[in-house]
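Coordinate analysis (summary)
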Amino acid sequence: MLWLDCPRCGRRPIDEFTFGGERRAVSESITDVDERDFDEVWIFDNPDGVTTERWFHAFGCRRWLTARRDTSTDTVVGVS
């Protein structure tokens, strides 16, 4: 099971969190505001290696945290 270290609640199972998406920059070539929003929310890069993600602690402190996760091994590298 994957675990996240919440800065406020301590080590918790991933089941307590809701995935908020990858932290990434939207392409500057997309100029339409609605298309930029769609790209930011629904189009994922899904890189092989370390990626930065947002998680919401829904069954805990109800706050957002940023996690760095290695997608090739599915291990959490760090949380802030």
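Residues numbered from 1 in each chain as written. Predicted model: local features only at pLDDT ≥ 70, side-chain atom pairs only at ≥ 80, totals over all residues. Heavy atoms only, no water.

1. Digging into the overall build of the chain
Stated formally: Under the DSSP-based scheme used, a helix requires at least four consecutive residues in state H or I and a strand at least two consecutive residues in state E, with every element numbered from the N terminus. Relative accessible area decides the class of each residue, using a 1.4 Å probe on protein chains only: under 20% of the type maximum gives buried, over 50% gives exposed, and in between gives partly exposed. Should any heavy atoms of two residues lie within 4.5 Å, those residues are considered in contact. All accessible-area figures derive from a Shrake-Rupley calculation using a 1.4 Å probe, and residue coverage is judged against the displayed protein chains alone.
If you tally the helices and strands in the chain, you get one helix and six strands. Written out in order from the N terminus, the α and β elements of the chain read β-β-β-α-β-β-β. Burial status across the chain gives 31% buried among its 80 residues. At a minimum sequence separation of 6, the contacts of the chain that also span at least 24 residues come to 44%. Approximately 5,500 Å² of the chain is accessible, and the part contributed by carbon and sulfur atoms is 49%.

2. A look at the pattern of salt bridges
Stated formally: Salt bridges, as used here, are contacts in which a Lys or Arg side-chain nitrogen is within 4 Å of a carboxyl oxygen on Asp or Glu.
Using the criterion set out here, one finds four salt bridges in the structure. Between arginine 69 and aspartate 74 there is a salt bridge whose closest N-O contact spans 2.8 Å. One network of salt bridges, with partners in common, ties together Glu53, Arg69 and Asp74.

3. A closer look at the confidence of the model for the chain
For clarity, the cut-off: Here pLDDT means the predictor's own confidence in every residue, given as a number from 0 to 100.
Per-residue confidence for the chain gives a mean pLDDT of 81; residues scoring 70 or more make up 69%. Put simply, helix 1 (residues 33-42) is where the chain has its lowest mean pLDDT, 60, and strand 2 (residues 10-13) is where it has its highest, 95.

4. A word on the sheet that holds strand 6 (residues 75-79)
By way of backbone hydrogen bonds, the strands of a sheet pair with one another, either parallel or antiparallel. Definition in use: For two strands to pair, DSSP has to find at least two bridges joining them. Note on definitions: angles span 0 to 180 degrees between N-to-C directions of axes, and those axes are lines fitted to C-alpha atoms, for helices only across the stretch in contact.
The four strands are arranged 3-4-5-6 in an open sheet whose pairing can be described as antiparallel. One side of each edge strand has no neighbouring strand; the edge strands of this open sheet are strand 3 (18-22) and strand 6. Strand-to-strand twist in this sheet, taken as the mean axis angle between neighbours without regard to direction, amounts to 40°. In this structure, strand 5 (residues 64-70) lies alongside strand 6, joined through four bridges in antiparallel fashion. Paired with aspartate 70 across the bridge in strand 6 is threonine 75.

5. Some thoughts on the nonpolar core
Put simply, the rule reads: Take the buried Ala, Val, Leu, Ile, Met, Phe, Trp, Tyr and Cys residues and link them wherever side-chain atoms come within 4.5 Å; each set so joined is a nonpolar core.
The biggest cluster of nonpolar side chains holds eight residues, and these are Leu2, Leu4, Cys6, Ile14, Phe17, Trp55, Leu65 and Ala67. Apart from the residues within four sequence positions on either side, isoleucine 14 is in contact with Leu2, Trp3, Leu4 and Trp55.

6. Digging into the side chain of arginine 69
Inclusion rule: Whenever two N or O atoms come within 3.5 Å, that pair is a polar contact, provided that in protein one can donate a hydrogen and the other can accept it, and provided that, for residues adjacent in sequence, both atoms are side-chain atoms.
Note that arginine 69 resides in strand 5. Exposure remark for arginine 69: the relative accessible area of 16% places this residue in the buried category. Polar side-chain contacts of arginine 69 include one of 2.8 Å to the side chain of aspartate 74. In contact with arginine 69, other than residues within four places in its own chain, are Leu2, Gly49, Val50, Thr51, Glu53, Asp74, Thr75, Val76 and Val77.

7. Remarks on the packing of aromatic side chains
Basically, it comes down to this: Side-chain rings of Phe, Tyr and Trp, where Trp is taken by its six-membered ring, are said to pair if the distance between their centres is within 6.5 Å; with planes under 30 degrees apart they count as stacked, over 60 as edge-to-face, and otherwise as tilted.
Inspection of the entire model under this criterion finds two aromatic pairs. With a centroid separation of 5.2 Å and 50° between ring planes, the pair formed by phenylalanine 56 and tryptophan 64 is classed as tilted. Its relative accessible area of 17% is what places phenylalanine 56 among the buried residues.

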